[in-house]
Amino acid sequence: MQQRSFSGVSQSPRSPSKQPPYLAVSVTDPAKMGNGVQAYISYKVITKTNLPEYQGLEKIVIRRYSDFVWLRDRLFEKYKGIFIPPLPEKSTVGTNKALSCAEKFRFTAEFIEMRRQALDIFVNRIASHHELQQSEDLRIFLQADEQTMERARSQETGIFKKKPADLMQIFKDVQSRVSDVVLGKEKPVEESNPDYEKLKRYVFELEDHLAEAQKHAYRLVKRHRELGQSLSDFGRAVKLLGACEGEALGKAFSELGTKSEMLSVKLQKEAQHLLMNFEEPLKDYVRAVHSVKGTIAERAAAFRQHCDLAETIKLKEIDLNKLRLTRSERTVDAEHEYEELKADGEEARRRFEMIVRLMNEEMVRFQEEKTLDVGLAFHEFAKGQSRLANAIADAWRSLLPKLEACSSS
Amino acid sequence: MMGYENQGHEEAHLYATPEEMESLVLTDNDDSSHHQSQPNHHHPLSSSLPFAAQIPTDDDHLLASPSSLMHFQSQSQNPIPIPNHSSSFKFILEPPSYADAVFRSFDGDHINETNGHDSSSGDLSSSPPSTVEYLSISVSDPQKEQDLANSLVSGGNTYVTYLITTRTSLPDFNGSEFSVRRRFKDVVTLSDRLSESYRGFFIPIRPDKNVVESQVMQKQEFVEQRRVALEKYLRRLAAHPVIRRSDELRLFLEVDGRLPLVRNTDVASRMLDGAVKLPRQLFGESVGAVDVSEVVQPAKGGRDLLRLFKELKQSVTNDWGGAKPPVMEEDKEFLEKKEKLQDFEQQISNVSQQAESLVKAQQDIGETMGQLGLAFVKLTKFETEEAVYETQRVRAADMKSVATAAVKASRLYRELTAQTVKHLDKLHEYLGAMLAVNQAFSDRSSALLTVQTLLSELSSLHLRIEKLEAASSKIFGGDRSRIRKIDELKETIRATEDAKSCAIREYERIKENNKNELERLDKERHDDFFNMLKGFVVNQAGYAEKMASVWDMVAEETNGYAKDGS
């Protein structure tokens, strides 16, 4: 299968057109469907592509959150070693303890927009990942009609779906191993790769630091809103005072009050901008780190399997030799089993090594991606703060000549 | 999410304590320039503000130099167990160039009237007085003293005295610089004397008595609070154009030892001659000259029982009786002003409240910005130390500039808040001033009530004489006892007439005082509020501009990441 990248250079020999291959996806138009407890949000997923595997140049499908979850789970299963792009959380579980009244929140405009943005980023990351973009599941997700999608979703059985409890256990194991290594208590069945140990430690600590930064970023959003609210209240009170005072002073108060109210609006806007363009990317970064942890867990599982099989093979070999010496009738069967085991072992080793190789590549990609993402978030943050500060300065400065004029009268 | 449950026990170590954050943030040596203004030890806006204690005062770490960033870092027990080694925050957050972040107060060119009218300015003690007639007072050095007179009886009554230091160029005083020791009780006496002598004036309200246990009385905090309150009060008195020339104030400030302000009349004499002078005949005593000071004082509860009773009866008649009272408040202009002031009081109270919330919101946002900055500082340090790829170092550099900016912005917010508080404090001052205004208005109404009472008294006396004369004329040769009674009543009427004239004079005097004070209030309010608004606006604009330039720099530096066309 041809490795396709979208740098635009390589083309499939079958494709007659000279246009470079592209795959552009967007998630738009959230709409509330259904009523009451059954209600959910549906999104339009628009695919524009000239790839032959896709039906036509443009396709629009309707998807809901659980469809995205399906896609993520399938990719996680199939592409071990790759950091699957993260999904936004289900609404009732949030990293923000500040969220109360989760039910109502599910349908607030703010939450819906946040989620839409995150889902859009999710699909786009998949579509631009050189391995993941070739996934059959992605194609199903982007093209299948709703009934097919629903069937696929409900077919998820225990084979594919790791129960949260299992994943939890794996995380715990990984974590305890990390700390064990840190504490110097080596356990068996563990990669003794110092670079990898360092990496694991890095990932875990990174998550803590990021979570703290994100927490404060969210609080900062709230503070903007609060400041906006108090400016509005202040403005109103000052205007009332102005009405009571009358004349020049009264006018001055009124103008101040009006400016105050105007700035309040700007603050609310900035709060929203901060949320979407700074806090959300930080949260996304945290989720991405979780995804890396998931892969770490997979690698640990694969390693354990590989080791276990190696052990089993060794034991089997000893048995087999014993049987050979005794020229038992079971020798032939035993040899079959031995060969099978060797094949399995080979398979397990290959799987593990592929994960290792992929992880190394992924780490590079991950770090680069994050530098860009975070850099952009910082840029937006700084721009927003600058814009806000300038607006505030302008508003107050514009009052000064009026104040001077009034006071001299 | 999944990994979080295990993180709990580590949280306490990884996240800095607020104090640590404070120390990281507060290291700007230019803050030393702030000593031009009085340290606001207690939040001027109100004692109900929860965050009052946290606004940094000049005696904080503000004077540390930038290089002590590291000093603080090593001093505070840094609980961060980041597995590294010798590095500190210093190389992460090198001392920013504070040249571009000089935090001068923006109202350097705010003209403080040093003539004493600007009663809230704290600059009287530090800047040389520029006008001819200054009266500058400071309160300091609280000392515990023993009340020797009662020590045998109550087993050692201790109280606190304060050193009142005055510098003045007013000719009324004997000297230009002197000090006395006073206790709070003396202040209460001063305040009472002033309200008696200066009825109708807007006399600044004295600090509360605070009925608390002696334990609390001696606590450092309480004493300090009281010291500040006393100083403010005395300065306000000194700022009042009439009161600053009063004997009462002068004696209080000048005369060492026991305070020579006695009550005009003491309890005993009031009971016997005092208020009961008015309807003399009950006591059957000869009518003497009416003591003006009696009439001139409002009826005080507990002592002038009879007078109180009469005036109460009068006020009931005013309110419920069908007939109009003999003299009414007719000054339309006054009534309008009064109503307006009531409205004003309400609005000021409202604005004052909202101003408190605004200040708090500003402070909060600054605090959170600082915490965000700190979190990024830690992240920067982490990425730099753990960097395997070049891209991590790039990211760390970006993070560092954001962290620095956030910390700077946090400091700016903090400064802005402190300045805002100083400006908006004016609102609170005027709220207090309204109390004085209401007191002056009530002086006026009680004086009016006295006049009305006397007038009613006179008319009922006349009525009685009429009745007696009518009855007496029916008896041939006259009725001796009745005639005697009539004579007595006539005497009473004369005395009451005198009293009435006094009362009317007093009422008119108070009205005049009210009028002048209202004019003064209007003018001062006009000036004060304009200055307040200007100061507020200049500050907000100035700090916003500084913040804008801080963030502009970061936006510039991270321009490369911008999406096309953004």
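Nothing here was measured: the structure is a model prediction, and the numbers come from that model.

A look at the overall build of chain A
Inference 1: Check the secondary structure of chain A and you find nine helices and three strands.
Inference 2: Reading chain A from its N terminus to its C terminus gives the helix and strand order β-β-β-α-α-α-α-α-α-α-α-α.
Inference 3: Burial status across chain A gives 51% buried among its 409 residues.
Inference 4: Across chain A, contacts joining residues at least 24 apart in sequence account for 73% of those joining residues at least 6 apart.

Concerning the overall build of chain B
Inference 1: Along its length, chain B carries 14 helices and three strands.
Inference 2: Taking all 566 residues of chain B together, 48% fall into the buried category.
Inference 3: For chain B, contacts bridging at least 24 residues in sequence account for 78% of all contacts bridging at least 6.
Inference 4: For chain B, the computed accessible surface area is about 27,600 Å², with 53% contributed by carbon and sulfur atoms.

Things to note about the sheet that holds strand 1 (residues 135-147) of chain B
Residue and element names in this part refer to chain B.
Inference 1: Taken in spatial order, the three strands of this open sheet run 1-2-3, and their pairing is antiparallel. In this open sheet, the two strands that pair with only one neighbour each are strand 1 and strand 3 (177-183). Within the sheet, the average angular offset between the axes of one strand and its neighbour, ignoring direction, is 20°.
Inference 2: Here eleven bridges tie strand 1 to strand 2 (residues 157-168), and the two strands are oriented antiparallel to one another. Of the residues in strand 2, the one forming a bridge with Gln143 is Thr161.
Inference 3: Sitting on the sheet, helix 7 (residues 220-239) touches strand 1 and strand 2, and the angle it makes with strand 1 is about 140°.

Considerations on the pairing of strand 2 (residues 40-49) of chain A
Residues and elements named next belong to chain A.
Inference 1: Summarising burial for strand 2: seven of the ten residues are buried, a large majority.
Inference 2: Across nine bridges, strand 1 (residues 23-33) lies against strand 2 in antiparallel orientation. The residue bridging Ser26 from the neighbouring strand is Ile46, located in strand 2.
Inference 3: In this structure, strand 2 lies alongside strand 3 (residues 58-64), joined through seven bridges in antiparallel fashion. Its bridge partner being in strand 3, Lys48 is matched across the sheet by Glu58.

So, the packing of aromatic side chains
Inference 1: Applying the stated rule across the entire model yields 21 aromatic pairs over all chains.
Inference 2: Taking the centre distance of 4.1 Å and the plane angle of 10° together, the rings of Phe278(A) and Phe381(A) count as stacked. Of this pair, Phe278(A) sits in helix 8 (residues 247-326) while Phe381(A) is found in helix 9 (residues 330-408), placing the two residues 103 residues apart along the sequence. This pair shows no difference in class: Phe278(A) is buried, exactly as Phe381(A) is.
Inference 3: An aromatic cluster of at least three residues, connected via ring pairs, comprises Phe278(A), Phe378(A), Phe381(A), Phe376(B) and Trp551(B).
Inference 4: The side chain of Arg525(B) reaches across the aromatic face of Phe344(B), ending 4.6 Å from its centre.
Inference 5: It is Lys546(B) that lies over the ring of Tyr543(B); its NZ or CZ is 5.6 Å from the centre.

Some points on the side chain of His129(A)
Inference 1: In this fold, His129(A) is placed in the loop between helix 3 (109-128) and helix 4 (136-143).
Inference 2: Setting aside chain neighbours within four positions, we find His129(A) in contact with Ile82(A), Glu362(A) and Arg365(A).

So, the interface of chain B and chain A
By a frequent convention, interface size equals the accessible area lost on bringing the separate parts together.
Inference 1: Listed per partner, the contact involves 75 residues of chain B and 79 residues of chain A.
Inference 2: Buried area between chain B and chain A, summed over both chains or domains, comes out near 7,100 Å², and the portion from carbon and sulfur atoms is 71%.
Inference 3: For the interface between chain B and chain A, the tally reads five salt bridges.
Inference 4: For the salt bridge of Arg223(A) with Asp364(B), the shortest nitrogen-to-oxygen distance reads 3.9 Å.
Inference 5: At the junction of chain B with chain A, the criterion picks out 13 residue pairs in polar contact (both at pLDDT 80 or more).
Inference 6: Secondary structure elements with two or more residues in the side of chain B that touches chain A: helix 1 (8-14), helix 12 (332-386), helix 13 (390-474) and helix 14 (480-557) of chain B.
Inference 7: Examining the composition of the side of chain B that touches chain A, we find that 26 residues originate from one element, helix 12 of chain B, more than from any other.
Inference 8: Across the side of chain B that touches chain A, the residue classes break down as 42 nonpolar, 18 polar and 15 charged.

Let's talk about the environment of Arg236(B)
All names here are of chain B.
Inference 1: Secondary-structure assignment places Arg236 in helix 7.
Inference 2: Looking at Arg236, the relative accessible area reads 24%, which means it is partly exposed.
Inference 3: Taking the C-alpha atoms as reference points, Arg236 and Arg206, 30 residues apart in sequence, are found 9.7 Å from one another.

Examining the sheet that holds strand 1 of chain A
Residue and element names in this part refer to chain A.
Inference 1: Across the sheet, three strands lie side by side as 1-2-3; this open sheet has antiparallel pairing. Bordering the open sheet on either side are strand 1 and strand 3, each of which pairs with just one other strand. Neighbour to neighbour, the strand axes of the sheet diverge by 20° on average, direction disregarded.
Inference 2: Along the sheet, helix 1 (residues 65-78) contacts strand 1, strand 2 and strand 3; its crossing angle with strand 3, the most-contacted strand, is approximately 100°.
Inference 3: Lying on the sheet, helix 4 is in contact with strand 1, strand 2 and strand 3; it crosses strand 3 at an angle near 90°.

Section: the domain arrangement of chain A
Residues and elements named next belong to chain A.
Inference 1: Partitioning chain A into structural domains gives domain 1 (1-147) and domain 2 (218-408).
Inference 2: Between domain 1 and domain 2, the residue contacts involve 21 residues of the former and 26 residues of the latter.
Inference 3: The contact between domain 1 and domain 2 buries some 2,300 Å² in all, and 57% of this surface belongs to carbon and sulfur atoms.
Inference 4: Viewed at the interface, domain 2 and domain 1 are joined by six salt bridges.
Inference 5: The residue Arg125 makes a salt bridge to Glu369 at a minimum N-O spacing of 3.5 Å.
Inference 6: Where domain 1 meets domain 2, there are eleven residue pairs in polar contact (both at pLDDT 80 or more).
Inference 7: For the side of domain 1 that touches domain 2, the element with the highest residue contribution is helix 3, accounting for six residues.

Some words on a positive patch on the surface
Inference 1: A cluster of basic side chains, namely Arg464(B), Arg480(B), Arg484(B) and Lys485(B), defines a positive patch on the protein surface.
Inference 2: For the positive patch, the element with the highest residue contribution is helix 14 of chain B, accounting for three residues.

Some words on the nonpolar core
Inference 1: With 110 residues, the main nonpolar core has Phe278(A) and Phe376(B) as its most contacted residues.
Inference 2: Those elements that provide at least two residues to this core are helix 7 (194-245), helix 8 and helix 9 of chain A together with helix 12, helix 13 and helix 14 of chain B.
Inference 3: Looking at this core, the element that brings in the most residues is helix 8 of chain A, giving 19 residues.

A word on unusual backbone geometry
Both trends apply: most residues other than glycine have a negative phi, and most peptide bonds are in trans.
Inference 1: The backbone phi angle of Asp29(A) is positive, close to 50°, even though this residue is not glycine.
Inference 2: You can call Asp29(A) partly exposed: its relative accessible area is 44%.

Here's the deal with the packing of helix 12 of chain B against helix 13 of chain B
Residue and element names in this part refer to chain B.
Inference 1: Direction vectors running N to C along helix 12 and helix 13 enclose 165°, while the axes themselves pass 6 Å from each other. Comparing the axis directions of helix 12 and helix 13 gives the class roughly antiparallel. The two elements helix 12 and helix 13 meet at a crossing, and its hand is left-handed.
Inference 2: Its residues placed into classes, the contact of helix 12 with helix 13 shows 28 nonpolar, 15 polar and seven charged.

Some details on the confidence of the model for chain B
Residues and elements named next belong to chain B.
Inference 1: Confidence in the prediction of chain B, expressed as mean pLDDT, is 73, and 64% of residues score 70 or more.
Inference 2: Highest mean pLDDT in chain B belongs to helix 12 (93); lowest belongs to helix 9 (residues 267-274) (33).
Inference 3: This model gives residues 1-105 a pLDDT under 50, and the stretch forms 175 contacts once residues within four places in sequence are excluded.
Inference 4: Here residues 107-129 is modelled with pLDDT under 50, and outside its nearest four sequence neighbours on either side it reaches 37 contacts, counting other chains as well.

Observations concerning a nonpolar patch on the surface
Inference 1: Together, Leu312(B), Val316(B) and Trp320(B) make up an exposed nonpolar region whose accessible area comes to about 390 Å².
Inference 2: Summarising the element assignment, Trp320(B) is placed in helix 11 (residues 305-320).

As for the packing of helix 5 (residues 184-197) of chain B against helix 7 of chain B
How two helices pack is summed up by the angle between their axes together with the distance between the axes.
Residue and element names in this part refer to chain B.
Inference 1: In the contact formed by helix 5 and helix 7, the axes pass within 12 Å of each other and the chain directions differ by 30°. For the element pair helix 5 / helix 7, the angle class is roughly parallel. In this structure, helix 5 crosses over helix 7, and the sense of that crossing is left-handed. Contact residues: helix 5 offers Phe184, Val187, Leu190, Ser191 and Leu194, while helix 7 offers Arg226, Leu230, Tyr233, Leu234 and Leu237.
Inference 2: Class assignment of the residues belonging to the contact of helix 5 with helix 7 gives a composition of eight nonpolar, one polar and one charged.

Parameters and conventions
Residues numbered from 1 in each chain as written. Chains lettered and ligands numbered in written order. Predicted model: local features only at pLDDT ≥ 70, side-chain atom pairs only at ≥ 80, totals over all residues. Heavy atoms only, no water. Helix = DSSP H or I, 4+ residues; strand = E, 2+ residues; numbered from the N terminus. Buried < 20%, exposed > 50% of the residue type's maximum accessible area, 1.4 Å probe, protein only. Contact = heavy atoms within 4.5 Å. Areas by Shrake-Rupley, 256 points an atom, 1.4 Å probe, with all protein chains shown as cover. Pairing = 2+ DSSP bridges. Axes fitted to C-alpha atoms, helices over the stretch in contact; angles between N-to-C directions. Phe/Tyr/Trp six-rings, centres within 6.5 Å; stacked < 30°, edge-to-face > 60°. Lys NZ or Arg CZ within 6 Å of the ring centre and 35° of its normal. Buried area = accessible area lost by both parts, 1.4 Å probe. Salt bridge = Lys/Arg side-chain N within 4 Å of Asp/Glu carboxyl O. Polar contact = N/O pair within 3.5 Å; in protein donor to acceptor, adjacent residues only side chain to side chain. Nonpolar A, V, L, I, M, F, W, Y, C, P; charged D, E, K, R; others polar. Domains from an automatic or database assignment. Patch = residues over 30% accessible without salt bridge, like charges linked within 9 Å, V, L, I, M, F, W, Y side chains within 5 Å. Lys, Arg positive; Asp, Glu negative; His and termini not counted. Charge placed at Lys NZ, Arg CZ, Asp CG, Glu CD. Core = buried A, V, L, I, M, F, W, Y, C linked by side-chain atoms within 4.5 Å. Parallel < 35°, antiparallel > 145°, perpendicular 65-115°, else oblique. Left-handed = near helix turned anticlockwise from the far one by under 90°. pLDDT = per-residue confidence, 0-100.

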